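Structural overview
Residues per chain are reported as follows:
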Amino acid sequence: MDKNFLCQAGRVQGRILMRGTWRRRLGAYLLALCLCLSLLPTAALAADGDVEYVKYTWDANSNTLTSTTGTLAEGGYTPVESNTTTWSASWYVVQGDVSIGSRVTVQGDVHLVLMDGCNLNATQGITVNSGNSLTIYGQEDGDGKLISQTVSLDGSGIGGKANLQGPGSENNSGDITIHGGDITATGNWGAGIGGAMAQGNSGTISIYNGTVTAAGHGGAGIGSGSMGTCGSVYIYGGNVKATSDSEILPGIGSDRTSSGDIHIYGGTVTATNKGSYGIDVGSQSSAAQLITGDKGRALIFTNGIRAANFLPGDDSNPQTGVIFICREGKVYADESSDYTVTPAYNFDIPSGYTLTIPEGASLTIPEGVTLTNSGTILVNAGTIMGTVSGNQPTYSTSVNVSVSSGSAALGSSVILTATVTMPSGEGVTLPAALGTVAFSVGNTTLNNETGVEVAANSDGTYTAELEIVDVAAENGFAVGNNTITAAYSGISAGTTGVGLIGSSGTTTLTVTKASQTAPAAEEGYA
């Protein structure tokens, strides 16, 4: 609607009402003013006034993030505009929708606030060279957006600027800290966040919260540029996705041995590349480590990890959290974490993925956190507490076999009993059909092809029984010790009942010859 028309309408209305009382005249003026102001751009209205931002700190004792709200007084910040291409040491605020067509340069310690509902598109990326720093904040909703991408060979999305002539200090990145917001950083000849080509090193990169998507081309997703070293990386929370299109450079880290430690304490982190290591500190000969903390709460998806303290297949890895290597995941918990991992964010297990909770480990889904399982959760003598949406967990079982008599003569009868240990506790709903048990002696099956159904008993046990009416050679028995095997079938998990892993147990039945009665003496013989 044309704002001039509305303003004129307001003035006409005001003239008409002037014939009335002074209250009517005042109302007319106010109405006209409101109509005109409603047409002003949002950014113009928001340019004045105080601006709040959210800052996070990490409590190492409780392994939780603590937020505080800060306030920038009117006049204490600079609104970002399309021609604001040099950010000097101070505070900047994104209000409304802003697009910057040239590469932004950060000088000194710069703080950037992404206001809720506002968007900044830095189409040529943001340079934060070594010796400078950029700290990004969101607000309460955390939906302010920053898109920083390089469409030419400019280097990292946020960090070093590529020197096409070779190594140089401009390739190196300063410290970058993210407290919130929705941030997408794409490098071209550099990391998504971090160093640029060639040999671009990255400073310390810290992510406390927010949604961060970082993609490297000629660099890590988060970390160094090609042939550069990565400073320490700290991820405390948020949803972080870091990818590299390289077979050598990782999603997070560097391929150089002199890189810093990678700390992932919380949040949902996906780190992949086209090679073998989505998380890489340079090599296993490096002293750098993957550190998840004593009570780590992170959920990590990666195609591989290379660190001095992480050896695939080594259960002694000092990690805590949920870590997926490709499609196979495991709950890592030890004494330092009270053998329990408690995620702080909602997470999904995709179809085709398997999460194993080993013996002694526990996964606790707290109230307010949703675990949606489209894959498989194997509770292999561990425990899981809380609500699981989708496919229910699959639990390990055990079988104990007993015989009504420790020994039996050929031709006699015995009863075989298989007692199946089932899971119990909070959140465990057993399926209506509990599966079957197949009994055998040696290689001979003793029951029919469908097996014996497991029954739930009033005393809380779950058993399957089979009566052998004739202990005979044609049924597989022989004089001496006979091994009786009971193999439990297991049950696949559904969306209402848990799954049960098949298992088996054995016992020994001693078979003796049938007793023979001596013939009676014939009459007439003494």
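Cut-offs and rules
- Residue positions are counted from 1 within each chain, in the order its sequence is given.
- Since the coordinates come from a predicted model, pLDDT governs what is reported: local features require at least 70, and pairs of side-chain atoms require 80 or more to be given and counted, while whole-chain, interface and lining totals use all residues.
- The side-chain numbers reported here are obtained from all heavy atoms of the structure, hydrogens and water having been left aside.
- Counting from the N terminus, the helices are DSSP H or I runs at least four residues long and the strands are E runs at least two residues long.
- Per-residue accessibility, obtained with a 1.4 Å probe over protein chains only, is compared with the maximum for each type, and a residue is labelled buried under 20%, exposed over 50%, and partly exposed between these values.
- Every residue pair with non-hydrogen atoms within 4.5 Å of one another is taken to be in contact.
- Per-residue accessibility takes into account occlusion by the displayed protein chains alone, with areas from the Shrake-Rupley method and a 1.4 Å probe.
- Within 6.5 Å between ring centres, the rings of Phe, Tyr and Trp (the latter by its six-membered ring) count as paired, and their orientation is classed by plane angle as stacked under 30 degrees, edge-to-face over 60, tilted in between.
- Confidence scores labelled pLDDT are given residue by residue by the predictor and lie between 0 and 100.
- Salt bridge, as used here: a side-chain nitrogen of Lys or Arg that lies within 4 Å of a carboxyl oxygen of Asp or Glu.
- Note: two strands are recorded as paired if DSSP finds a minimum of 2 bridges between them.
- Here, nonpolar core refers to any group of buried Ala, Val, Leu, Ile, Met, Phe, Trp, Tyr and Cys residues whose side-chain atoms link them within 4.5 Å.
- Two N or O atoms form a polar contact when they lie within 3.5 Å of each other; inside protein one atom must be a possible hydrogen donor and the other a possible acceptor, and for residues adjacent in sequence the pair counts only when both atoms belong to side chains.

1. Some words on the overall build of the protein chain
For the protein chain, the count of helices and strands is 3 helices and 50 strands. Counting all 526 residues of the protein chain, 47% fall into the buried class. By sequence separation, contacts in the protein chain at least 24 residues apart represent 62% of the contacts at least 6 residues apart. Taken as a whole, the protein chain presents about 24200 Å² of accessible surface, with 48% of it coming from carbon and sulfur.

2. Overview of the packing of aromatic side chains
Under the defined criterion, the tally for this structure stands at 12 aromatic pairs. Taking the centre distance of 4.6 Å and the plane angle of 20 degrees together, the rings of Tyr208 and Tyr236 count as stacked. Of this pair, Tyr208 sits in the loop between strand 17 (205-207) and strand 18 (211-216) while Tyr236 sits in the loop between strand 20 (233-235) and strand 21 (239-244), placing them 28 residues apart in sequence. Pairing Tyr234 with Tyr236 gives two aromatic rings, centres 6.2 Å apart and planes at 10 degrees, and the pair type is stacked. Look at Tyr234 and you get partly exposed, because its relative accessible area is 22%.

3. A short note on the confidence of the model for the protein chain
Looking at the protein chain as a whole, its pLDDT mean stands at 86, while 85% of the residues score no less than 70. Scored below 50 in pLDDT, residues 1-23 shows 19 contacts in the model against residues more than four places distant or in partner chains.

4. Some points on the side chain of Ser226
Structurally, Ser226 can be placed in the loop between strand 19 (222-223) and strand 20. Excluding residues that lie within four positions of it along the chain, Ser226 makes contacts with Met197, Ala198, Gln199, Gly200, Gly218, Gly219 and Leu249.

5. Looking at the environment of Gly228
Mapping Gly228 onto the fold places it in the loop between strand 19 and strand 20. Using a relative accessible area of 0% as the deciding quantity, one classes Gly228 as buried. Along the sequence, Gly228 and Ser258 sit 30 residues apart, while their C-alpha atoms lie 9.2 Å from each other. Other than its neighbours up to four places away in sequence, Gly228 contacts Gln199, Gly200, Asn201, Ser254, Asp255 and Arg256.

6. Comments concerning the pattern of salt bridges
Tallying each qualifying case throughout the model produces 1 salt bridge. For the salt bridge of Arg306 with Asp280, the shortest nitrogen-to-oxygen distance reads 2.9 Å. Linking Arg306 in strand 28 (residues 305-306) with Asp280 in strand 25 (residues 279-280), this pair joins segments that are 26 residues apart in sequence.

7. Thoughts on the sheet that holds strand 20
One open sheet accounts for 9 strands, arranged 3-5-8-11-14-17-20-23-26; its pairing is parallel. Each end of this open sheet is capped by a strand with a single partner; those strands are strand 3 (78-79) and strand 26 (290-291). Pairing geometry for strand 8 (residues 109-114) and strand 11 (residues 133-137), over 5 bridges, is parallel. Paired with Val110 across the two strands is Leu134, which belongs to strand 11.

8. What to know about the nonpolar core
Grouped together as the largest cluster of nonpolar side chains are 60 residues, with contacts concentrated most on Trp87, Leu112, Leu134 and Ile222. Once you skip the residues sitting within four places of it in the chain, Leu112 turns out to touch Val80, Trp87, Tyr92, Val94, Leu120, Leu134, Thr135, Ile136, Tyr137 and Leu146. If you look at the next biggest cluster of nonpolar residues, it comprises 51 residues, including Ile377, Met422, Leu434 and Ile468.

9. Some details on unusual backbone geometry
A positive phi angle, near 55 degrees, is found at Asn63, a position not held by glycine. Along the chain, the position of Asn63 falls in the loop between strand 1 (51-59) and strand 2 (64-72). By relative accessible area, Asn63 is classed as buried at 8%.

10. Observations regarding the side chain of Asn209
Residue placement: Asn209 occurs in the loop between strand 17 and strand 18. Within the structure, Asn209 has its side chain in polar contact with the side chain of Tyr56 (distance 3.1 Å). There is a polar contact of 3.4 Å between the side chain of Asn209 and the side chain of Tyr345. Not counting chain neighbours up to four residues away, the residues in contact with Asn209 comprise Tyr56, Ile178, His179, Gly180, Gly237, Gly238 and Tyr345.

11. Digging into the environment of Gly425
Mapped onto the secondary structure, Gly425 falls in the loop between strand 42 (414-421) and strand 43 (436-441). Gly425 gets classed as partly exposed once you look at its relative accessible area, which sits at 48%.

12. Details of the sheet that holds strand 37 (residues 383-385)
Sheet strands associate in pairs through backbone hydrogen bonding, adopting either a parallel or an antiparallel arrangement. Across the sheet, 3 strands lie side by side as 31-34-37; this open sheet has parallel pairing. For this open sheet the edge positions go to strand 31 (340-341) and strand 37, each flanked by a neighbour on one side alone. The pairing of strand 34 (residues 362-364) with strand 37 spans 3 bridges and is classified as parallel. Looking at the pairing, Ser362 lines up with Thr383 of strand 37.

13. Quick word on the pairing of strand 9 (residues 119-122)
Every regular strand shows the same layout, with side chains that alternate between the two sheet faces. Residues Leu120 and Ala122 line the buried face of strand 9, whereas the alternating positions Asn119 and Asn121 sit on a face that is not buried. The pairing of strand 6 (residues 97-100) with strand 9 spans 4 bridges and is classified as parallel. Paired with Asp97 across the two strands is Asn119, which belongs to strand 9. Relative to strand 12 (residues 145-149), strand 9 is paired through 4 bridges, and the arrangement is parallel. Bridge pairing in strand 12 links Asn121 to Ile147.

14. What to know about the environment of Gly155
Here Gly155 shows up in the loop between strand 12 and strand 13 (158-159). It is 7.6 Å that separates the C-alpha atoms of Gly155 and Asn171, two residues lying 16 residues apart in sequence. Here Gly155 is in contact with Thr150, Gly160, Ala162, Gly187, Asn188, Trp189, Gly190, Ala191 and Ala196, once residues within four sequence places are set aside.

15. Quick look at the pairing of strand 42
The pairing of strand 40 (residues 398-403) with strand 42 spans 6 bridges and is classified as antiparallel. Looking at the pairing, Val399 lines up with Val420 of strand 42. Where strand 42 meets strand 47 (residues 462-468), 6 bridges bridge the pair, whose relative direction is antiparallel. Of the residues in strand 47, the one forming a bridge with Ala418 is Ala464.

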